[in-house]
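Tertiary structure, described
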Amino acid sequence: MSVQERTYIMVKPDGVQRGIVGDIISRFEKRGFKLTALKLVHATPAHLEEHYADLKGKAFFPGLIKYMASGPVVAMVWTGLDAVKTGRVMLGATNPLASAPGTIRGDYALAVGRNICHGSDAVESAEKEIKLWFPEGVVQYTNDNEKWVFE
Ligand code: GDP
Ligand code: MG
């Protein structure tokens, strides 16, 4: 079985401070995704500006960088079937008020500027983000559960 789509998922500083890291990891594990990289990192503003380069110029950009640099984040790569799109569905809408209950943002957040988690929005941006956050590379291994998750 070879399902190699990967997505970059990040618990933002508010998610770390509020103690939601374990729940977010647990949701991806239980769904059947394979954890392929994980680290706690207090990112610099410059690194975050690169991560959010497509939003440069937005009025909320300076506040976003300050928020994201305010504490450590949990950077992760999850691999599996339709990982990018399904990861976004699990996160919920960007504005938590529009996120369905049962999604991460819909269960834990109210404000767009404190929305707990990040997930790549396309396969191409996922690969870019994985390179930015894990220049050392990710971990290659076989998860023996895969035959129970995929046909
Ligand atoms: P995402 O892909 O769902 O995270 O949304 P975007 O890529 O559009 O925006 C990145 C992040 O910027 C969001 O997750 C929010 O934390 C923040 N953000 C987006 N829009 C707004 C806004 O209108 N106001 C504020 N304060 N933050 C925003
Ligand atoms: Mg985005």
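Residues numbered from 1 in each chain as written. Chains lettered and ligands numbered in written order. Predicted model: local features only at pLDDT ≥ 70, side-chain atom pairs only at ≥ 80, totals over all residues. Heavy atoms only, no water.

1. Examining the pattern of salt bridges
The tally for this structure, following the rule as stated, stands at seven salt bridges. Linking Arg27 and Asp23 is a salt bridge whose minimum nitrogen-to-oxygen distance equals 2.7 Å. Taken together, the residues Arg27 and Asp23, both in helix H2 (residues 21-31) and four residues apart, mark about one turn of the helix. Since its relative accessible area comes to 19%, Arg27 is described here as buried. The shortest N-O distance in the salt bridge between Glu49 and Lys56 comes to 4.0 Å. For Glu49, a relative accessible area of 31% puts it in the partly exposed group. Overlapping salt bridges bring together Asp23, Arg27 and Asp107 as one network. (Salt bridge = Lys/Arg side-chain N within 4 Å of Asp/Glu carboxyl O. Helix = DSSP H or I, 4+ residues; strand = E, 2+ residues; numbered from the N terminus. Buried < 20%, exposed > 50% of the residue type's maximum accessible area, 1.4 Å probe, protein only.)

2. Here we look at the nonpolar core
Core analysis: the biggest nonpolar cluster contains 20 residues, and Tyr8, Leu48, Tyr52, Met68, Trp133 and Phe134 have the highest contact counts within it. For this core, the elements supplying multiple residues, two or more each, are strand E1 (6-11), helix H4 (61-68), strand E3 (73-79) and helix H7 (123-133). Counting residues per element, this core draws most heavily on H4, at five residues. Among all residues touching Trp133, those that are not within four sequence positions of it are Tyr8, Met10, Lys39, Val41, Ala43, His47, Leu48, His51, Val73 and Ala75. (Core = buried A, V, L, I, M, F, W, Y, C linked by side-chain atoms within 4.5 Å. Contact = heavy atoms within 4.5 Å.)

3. With respect to the UniProt feature "active site" (unreviewed entry) in the protein
When the UniProt feature table is mapped to this numbering, "active site" (unreviewed entry) covers His118. Among the structural elements, His118 can be located in strand E4 (residues 117-119). The exposure class of His118 is buried, given its relative accessible area of 9%. Leaving out residues up to four positions away in the same chain, His118 has contacts with Tyr8, Ile9, Met10, Lys12, His51, Tyr52, Leu91, Arg105 and Glu129. (UniProt positions renumbered as here; feature names shortened; annotations may be inferred.)

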